[in-house]
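# A look at the structure
If you want the building blocks of each chain, they are given just below.
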Amino acid sequence: MERQELEAVRAEAQRVRAVMAQARTRGQRQREAAIAAATSEGAALAAHTPALWPDRRATDTGPYVQPLRPDWLALLRALQPCGPLMALTRNDSVVHEKVGVYENLSAEGGVGLALGRDIDLRLFFQHWQAGFAVSDAPGEVPRSIQIFDDTGQAVHKIFVRPNSDTRAWQSALAPFLDEGRLPSVFLASRDADDDRGESSCDAAEFLHAWSQMTDTHEFFGLLKRFGVSRWQAMQLARGHYTERKAPSAVERLLQAAAFEGVPIMVFVGSRGCIQIHTGPVRRVETLDLHGQTWVNVLDEGFNLHLLLDDVDSCWVVRKPTVDGEVTSLEVYDRRGRCVAMLFGARKPGQPESGAWRGLLRALEEVTA
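On a predicted model such as this, the values are computed, not experimentally measured, just so you know. (Residues numbered from 1 in each chain as written. Predicted model: local features only at pLDDT ≥ 70, side-chain atom pairs only at ≥ 80, totals over all residues. Heavy atoms only, no water.)

When you go through the protein chain residue by residue, the secondary structure sums to 10 helices and 18 strands. Here the C-alpha radius of gyration of the protein chain, 22 Å, is about what a compact globule of 368 residues would show, namely 21 Å. Counting only C-alpha atoms, the protein chain reaches 65 × 45 × 45 Å along its principal axes. In the protein chain, of all internal contacts separated by at least 6 residues, the share reaching a separation of at least 24 is 61%. Of the roughly 17700 Å² of accessible surface on the protein chain, a fraction of 49% belongs to carbon and sulfur atoms. (Helix = DSSP H or I, 4+ residues; strand = E, 2+ residues; numbered from the N terminus. Rg over C-alpha atoms; globule rule 2.2 N^0.38 Å. Contact = heavy atoms within 4.5 Å. Areas by Shrake-Rupley, 256 points an atom, 1.4 Å probe, with all protein chains shown as cover.)

This is the structure we're talking about:
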């Protein structure tokens, strides 16, 4: 980067820091403060790195942010000795938080897996543009690792917990810290795609192909083959394999799963990560906060926060597999993007539980 260009970047970083500092005094969180500064969350953190804040003084406030060397699989593998950490993956409508150990990490062709007892992730490293270790102040132990895509949108975050091994955490991070690294210049945010347009594919052929599936993982290939969005697939299969429900269906389903003690799977994805909870949900609460309605799971080891105001519709979806039909509830926002998916808990080779299907049948009156 040329000197003149670097000075311009540093000047913009100084502006961002000033706005974010004011936002923090109003009690706003990091993501909200970045929005107040009219920038992405990734760019907001980058503004606090040593390369963009070379004249930082001991009295200056704000996070201390160290760029990470982008060897993502090695970094995640190094975290196992740290014990329980909190994994956070979110999109605009849903936040998924899970506490556990990062273990059984692998990758092939840019796609990674974490198959721990509690931390269950699908990782798309091609979208991991930049990562930071974030401390409250210089000299303090970093409290989080935060990863962003090329537009500065968070794809995955990892937080230290009270019972984490902080010495192991520091040792794990040390080889990846790169204070002198100049942070990525993030691209402007893309306009959010609207997936609700009409599909031109042959509906009968599409439904026939749907009927031939033997595994739920074939669904993505089906969408790609016919050139349809997930939302369009819901429309094409309506009355055959899909059934539209009102936004309240996801709240009703979570409450019923908690009441009946039915273990479930909850999938929430960002551009670079899908995070999965498998097990029961116990404490489900709907809260109105600052004029917004949130459906929350507030369990030890698993928290979910779903902005109900963002939900346009829910869909009961049935897919044929070699283990019998597998049924899910998919949650869509107002642009036709799938923001969460709920399944009955099961392992490969096992049929879907009758208890889960009973919960979905109870949603019959919750029509769109």
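Phi is positive for A38, close to 55°, though the residue is something other than glycine. In this fold, A38 is placed in the loop between helix 2 (30-36) and helix 3 (41-46).

In this section: the sheet that holds strand 5 (residues 111-115). The antiparallel open sheet is built from 9 strands, whose spatial order is 4-5-6-12-11-18-17-16-10. Bordering the open sheet on either side are strand 4 (105-108) and strand 10 (242-245), each of which pairs with just one other strand. Taken over all neighbouring pairs, the strand axes of this sheet differ in orientation by 15° on average, direction set aside. Sheet topology note: the strand 16 (residues 311-319)/strand 17 (residues 326-333) ladder contains 8 bridges and is antiparallel. Counterpart to W315 in the pairing with strand 17 is E330. (Pairing = 2+ DSSP bridges. Axes fitted to C-alpha atoms, helices over the stretch in contact; angles between N-to-C directions.)

With that settled, consider the nonpolar core. One finds V250, L254 and L329 to be the most contacted residues of the largest nonpolar core, which totals 30 residues. Of all the secondary-structure elements, those providing two or more residues to this core are helix 9 (248-260), strand 11 (264-269), strand 14 (292-299), strand 15 (302-307), strand 16, strand 17, strand 18 (338-344) and helix 10 (354-361). The dominant element in this core, judged by the number of residues it contributes, is helix 9, at 5 residues. (Core = buried A, V, L, I, M, F, W, Y, C linked by side-chain atoms within 4.5 Å. Buried < 20%, exposed > 50% of the residue type's maximum accessible area, 1.4 Å probe, protein only.)

This paragraph deals with the sheet that holds strand 7 (residues 130-135). The strands that make up a sheet are held in pairs by hydrogen bonds between backbone atoms, and each pair lies either parallel or antiparallel. The 9 strands lie next to each other as 1-7-8-9-2-3-15-14-13, forming an open sheet whose pairing is antiparallel. The two strands at the open ends of the sheet, each matched to only one other strand, are strand 1 (64-67) and strand 13 (284-289). Averaged over all pairs of adjacent strands, the angle between strand axes in this sheet comes to 20°, irrespective of strand direction. Across 4 bridges, the pairing between strand 2 (residues 85-90) and strand 9 (residues 154-160) is antiparallel. Within strand 9, the residue paired with L85 across the bridge is V160.

On to the environment of R238. Assignment of secondary structure puts R238 in the loop between helix 8 (230-236) and strand 10. The exposure class of R238 is partly exposed, given its relative accessible area of 42%. In this structure R238 touches R244 and W315, once residues within four positions along its chain are discounted.

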